[in-house]
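So you can see what is in the structure, the chains are spelled out below.
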Amino acid sequence: MPVLLSQFIEACRWVGALLVLAVHSTNMFVNLADIMSAPHAASVHAWWFFVSFELGHQAVVGFFAISGYLVGGAVLAQLRKDKPFLRDYLIHRFARIYVVLAPALLVTVAADWIGRSWFGDSGVYDWPVFKDHDRVDLFLGSLANLSAIYCDFFGTNGPLWSLACEFWYYISFPLLLLPFARAYSLRTRAMGFALGLAILVVMSIPAGGWFRFGYLLWGLGALATLARRPLVESRWIALALYGVAVIPIRLLVRGPNLEAHPYLADLADTLSAVLFLNLVVTLRFGPQQGWALFQPQLHRRLADFSFSLYSVHMPVLILARALADRHFGALWARELATPVHWLVLAAVMAAAVVFGFLFSRVTEAHTNAVRRALRKAFEAAEERRRRRLPQPIEELEREPQKADA
């Protein structure tokens, strides 16, 4: 992958995670209901425009497109080789998800227990959205990556729904395409395809989820790796096209417009994903000079814990909201924003980023080590299996000769 494109993707990952954090934090601590009726500083208007639900949602759309491009694209590349790849691929994907997911669920348990025990009288944990969400079955469902597919999210960690979708994309996509993998026997390819199709059907059964539509966006990302040339050669034009689309999406895809035209959201997400991937492909084939903003290694360092930040930020925010309600009063966060609200918002976001980074040091940072350990475990198991198999007659005939020698 060209360096500029790699750095651009890294920048998108951490900016997207930070935007999602900012959207959720703003919803918790800053009320801008008077943004159109009272004077505000230009910075407040800018915050209101960019830190919005719709642009936060577009960041998630970008995550799906990037994931499809990187992971699905890698699968398409492996299919063109005469070499088995499925075991190593699955080890990489399982480690990537579960090194973060399992500890994130434990963090949710701990944060929610602290919040309910120490700040339960704030009423935050009694909000209808969290009612009866501390059940063991929801914990196990989230651990099995069924959140928002076959069960509700666990505790206060709603954002984990996207991980559940992506996990099953990771698993089903190579299986569905296994018939094209010449390195495997016909029987293995048929069984793999049947399993992939079964996963796709089973996960698509529940209505109202995002699994099916998300798979379309993810698949578009994978298909973008097959492009042999960009549709738009100028990266500036490609960037402008994406910006020109996202701004109207921010202004129009909401409220009464969505009620009158429910399909508008899916159309907007598809257009956003296509134009974002168009920019990615343009950067892939374009010159590697210029765009100095994406050159610093800082993007990689920040992206290295973006997954962790996304996975644990919500329980941290809810705990902070419970603490704020206890200190300032239950109605404080609903009041129109004051300088104190903005200071609390900044402090909470900073705390969430720091916690996400520290969390990543004991989870995400060890992903490669876990992959190596799993690979060695599989190799050791395979070696033990081979030793238990009956030896060929030729080998048995050689053994007495070796003994005589």
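Residues numbered from 1 in each chain as written. Predicted model: local features only at pLDDT ≥ 70, side-chain atom pairs only at ≥ 80, totals over all residues. Heavy atoms only, no water.

## Thoughts on the nonpolar core
Grouped together as the largest cluster of nonpolar side chains are 111 residues, with contacts concentrated most on Phe8, Phe29, Phe85, Trp168, Phe173 and Phe211. Among residues more than four places away in sequence, those in contact with Phe29 are Leu317, Ala320, Arg321, Ala324, Trp332, His341, Val344 and Val348. (Core = buried A, V, L, I, M, F, W, Y, C linked by side-chain atoms within 4.5 Å. Buried < 20%, exposed > 50% of the residue type's maximum accessible area, 1.4 Å probe, protein only. Contact = heavy atoms within 4.5 Å.)

## Describing a nonpolar patch on the surface
A cluster of nonpolar side chains, contributed by Tyr150, Phe193, Leu197, Val201, Val202 and Ile205, occupies part of the molecular surface with about 530 Å² of accessible area. Assignment of secondary structure puts Val201 in helix H7 (residues 186-204). Given the relative accessible area of 47%, Val201 is considered partly exposed. (Patch = residues over 30% accessible without salt bridge, like charges linked within 9 Å, V, L, I, M, F, W, Y side chains within 5 Å. Areas by Shrake-Rupley, 256 points an atom, 1.4 Å probe, with all protein chains shown as cover. Salt bridge = Lys/Arg side-chain N within 4 Å of Asp/Glu carboxyl O. Helix = DSSP H or I, 4+ residues; strand = E, 2+ residues; numbered from the N terminus.)

## Topic: the packing of aromatic side chains
Within the structure shown, the criterion is met by 30 aromatic pairs. Between Trp118 and Phe119, the aromatic rings sit 6.5 Å apart at their centres with planes inclined by 85°, giving edge-to-face as the arrangement. For the ring pair Phe173 and Trp218, a centre distance of 5.1 Å and an interplane angle of 75° mean the geometry is edge-to-face. Placement of the pair is Phe173 in helix H6 (residues 161-176) and Trp218 in helix H8 (residues 211-224), with a sequence separation of 45 residues. What makes Phe173 buried here is its relative accessible area of 11%. Through successive ring pairs, a cluster of aromatic residues spans Phe64, Trp161, Tyr169, Tyr170, Phe173, Trp210, Phe211, Phe213, Tyr215 and Trp218. (Phe/Tyr/Trp six-rings, centres within 6.5 Å; stacked < 30°, edge-to-face > 60°.)

## Here we look at the pattern of salt bridges
What the rule picks out here adds up to 9 salt bridges. Glu364 is the partner of Arg96 in a salt bridge, and the nearest nitrogen-oxygen pair spans 3.1 Å. Taken together, the residues Arg96 in helix H4 (residues 86-119) and Glu364 in the loop between helix H14 (339-362) and helix H15 (367-388) connect sequence positions 268 residues apart. Take Glu364: its relative accessible area is 7%, and that puts it in the buried class. Of the charged contacts in the structure, one is a salt bridge between Arg321 and Asp325, with a shortest N-O distance of 3.0 Å. Of the two residues, Arg321 and Asp325 both sit in helix H13 (residues 306-328), 4 residues apart, roughly one turn of that helix. With relative accessibility at 6%, the residue Arg321 sits in the buried group.

## Things to note about the side chain of Ser67
With respect to the helices and strands, Ser67 occurs in helix H3 (residues 53-79). Taking the relative accessible area as the measure of exposure, Ser67 reaches 7% and is therefore buried. With residues near it in sequence (within four places) discarded, Ser67 still touches Gly72, Glu166, Tyr170 and Trp218.

## Observations regarding the environment of Thr270
Following the sequence through the fold, Thr270 ends up in helix H11 (residues 264-285). Residue class for Thr270 comes out partly exposed when judged on its relative accessible area of 24%. Through-space distance from the C-alpha of Thr270 to that of Gly214 is 9.7 Å; in sequence the pair is 56 residues apart. When sequence neighbours within four positions are dropped, the list of residues in contact with Thr270 reads Phe213 and Leu217.

## Section: the packing of helix H9 (residues 235-252) against H11
Interaxial distance between H9 and H11 falls to 9 Å at its minimum, and their mutual angle equals 160°. If you check the angle between H9 and H11, you find them roughly antiparallel. Pair H9 / H11 crosses with left-handed handedness. Every residue of H11 that contacts H9 at Arg235, Ala238, Leu239, Leu241, Tyr242, Ala245, Val246, Ile249 and Leu252 is listed here: Leu264, Ala268, Leu271, Ser272, Leu275, Phe276, Asn278, Leu279, Thr282 and Leu283. (Axes fitted to C-alpha atoms, helices over the stretch in contact; angles between N-to-C directions. Parallel < 35°, antiparallel > 145°, perpendicular 65-115°, else oblique. Left-handed = near helix turned anticlockwise from the far one by under 90°.)

## Some thoughts on H13
Taking 1.5 Å per residue, 23 residues should reach 33 Å; H13 reaches 31 Å between its end C-alpha atoms and fits that length. Along its length, H13 shows its largest kink, about 45°, at Val312, and proline Pro315 lies within four residues downstream of that point. Within H13, 18 of the 23 residues are buried, which leaves the element mostly enclosed by the surrounding structure. Once H13 ends, the next one or two residues include Gly329, with phi positive near 110°. (Expected span 1.5 Å × (residues − 1). Bend = angle between axes of the 7 residues up to and from the residue.)

## Focus on the confidence of the model for the protein chain
Looking at the protein chain, the pLDDT average stands at 89 and 96% of residues meet or exceed 70. Segment residues 399-405 is flagged for pLDDT under 50; beyond a separation of four residues in sequence, or across chains, it makes 1 contact in the model. (pLDDT = per-residue confidence, 0-100.)

## With respect to the side chain of Ser52
Within the secondary structure, Ser52 sits in the loop between helix H2 (42-50) and H3. A polar atom in the side chain of Ser52 sits 3.3 Å from the backbone oxygen of Phe49. Setting aside chain neighbours within four positions, we find Ser52 in contact with Val23 and Arg250. (Polar contact = N/O pair within 3.5 Å; in protein donor to acceptor, adjacent residues only side chain to side chain.)

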